[in-house]
Amino acid sequence: MIVSGIGALNLKPGLSGTATDLLQGGVAPATGGNLGTSFAEALSQAASKTVNTLQNAEQVSMQALKGDADTRQVVDAVMSAQQALQTAVAIRDKVVSAYLEVSRMGI
C-alpha cells in the first residue's frame with residue numbers, strides 16, 4: 001500500500017520533461033573548468049525529471065480511477081514513466097561501474 005506516493009522522495013521537483021531529455025542534449029555542459037558541478041547538476045536534473053515523470057503517471061492513474069482520464073492517457077503516462085525509470089537505472093549503473101573502476105586504480 002502506497003501511503004504518500006512518489007512525491008515522498010526527497011529530490012528537487014520542478015523541472016518538466018523526462019529523464020531521457022538528458023541523454024538527448026537536454027542539459028548542456030558548462031563551459032569552463034567547472035565540470036564537476038555541471039555533472040552534479042546534470043544528475044540532479046535527471047533525477048528531478050524522473051521523479052516528475054513518475055508523479056505525473058501516478059496522478060494520471062488516479063484520475064483514471066476517478067473516471068477523469070481515459071486509458072490512452074494512462075498508458076502514455078505509464079510508458080513515459082517506465083522509460084524515465086529505465087534511463088535513471090542505466091545512469092545509476094554506469095555511475096556505479098565508473099566508481100568501481102576508479103576505486104580499483106592504483107595510486
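The protein chain is annotated in an unreviewed UniProt entry as Flagellar hook-basal body complex protein FliE of Mesorhizobium qingshengii. The UniProt entry for the protein chain carries this comment under Subcellular location (unreviewed entry): "Bacterial flagellum basal body".

Q: A description of helix H3 (residues 71–104) should follow, citing residues and the corresponding values.
A: For H3, which comprises 34 residues, the first-to-last C-alpha distance of 49 Å matches the rise-based estimate of 50 Å (1.5 Å per residue) to within 8%. Buried within H3 we find Val74, Ala77, Ala81, Ala84, Thr87 and Ile91.

Q: How would you sum up the nonpolar core? Please name residues and give values.
A: One finds Leu54, Ala57, Val60, Ala69, Val74, Ala77 and Ala81 forming the largest nonpolar core, which totals seven residues. Mapped onto this core, the elements with two or more residues apiece are helix H2 (35–66) and H3. Each of two domains, domain 1 (37–68) and domain 2 (69–106), supplies a minimum of three residues to this core. Not counting chain neighbours up to four residues away, the residues in contact with Val60 comprise Ala69, Gln73, Val74 and Ala77.

Q: An account of a nonpolar patch on the surface is requested, with residue identities and associated values reported.
A: A cluster of nonpolar side chains, namely Val96, Tyr99 and Leu100, defines an oily patch on the protein surface of about 300 Å² accessible area. Here Tyr99 is to be found in helix H3. Among the residues examined, Tyr99 registers a relative accessible area of 58% and is labelled exposed.

Rules behind the numbers
Residues numbered from 1 in each chain as written. Predicted model: local features only at pLDDT ≥ 70, side-chain atom pairs only at ≥ 80, totals over all residues. Heavy atoms only, no water. UniProt positions renumbered as here; feature names shortened; annotations may be inferred. Helix = DSSP H or I, 4+ residues; strand = E, 2+ residues; numbered from the N terminus. Expected span 1.5 Å × (residues − 1). Buried < 20%, exposed > 50% of the residue type's maximum accessible area, 1.4 Å probe, protein only. Core = buried A, V, L, I, M, F, W, Y, C linked by side-chain atoms within 4.5 Å. Domains from an automatic or database assignment. Contact = heavy atoms within 4.5 Å. Patch = residues over 30% accessible without salt bridge, like charges linked within 9 Å, V, L, I, M, F, W, Y side chains within 5 Å. Areas by Shrake-Rupley, 256 points an atom, 1.4 Å probe, with all protein chains shown as cover. Salt bridge = Lys/Arg side-chain N within 4 Å of Asp/Glu carboxyl O.

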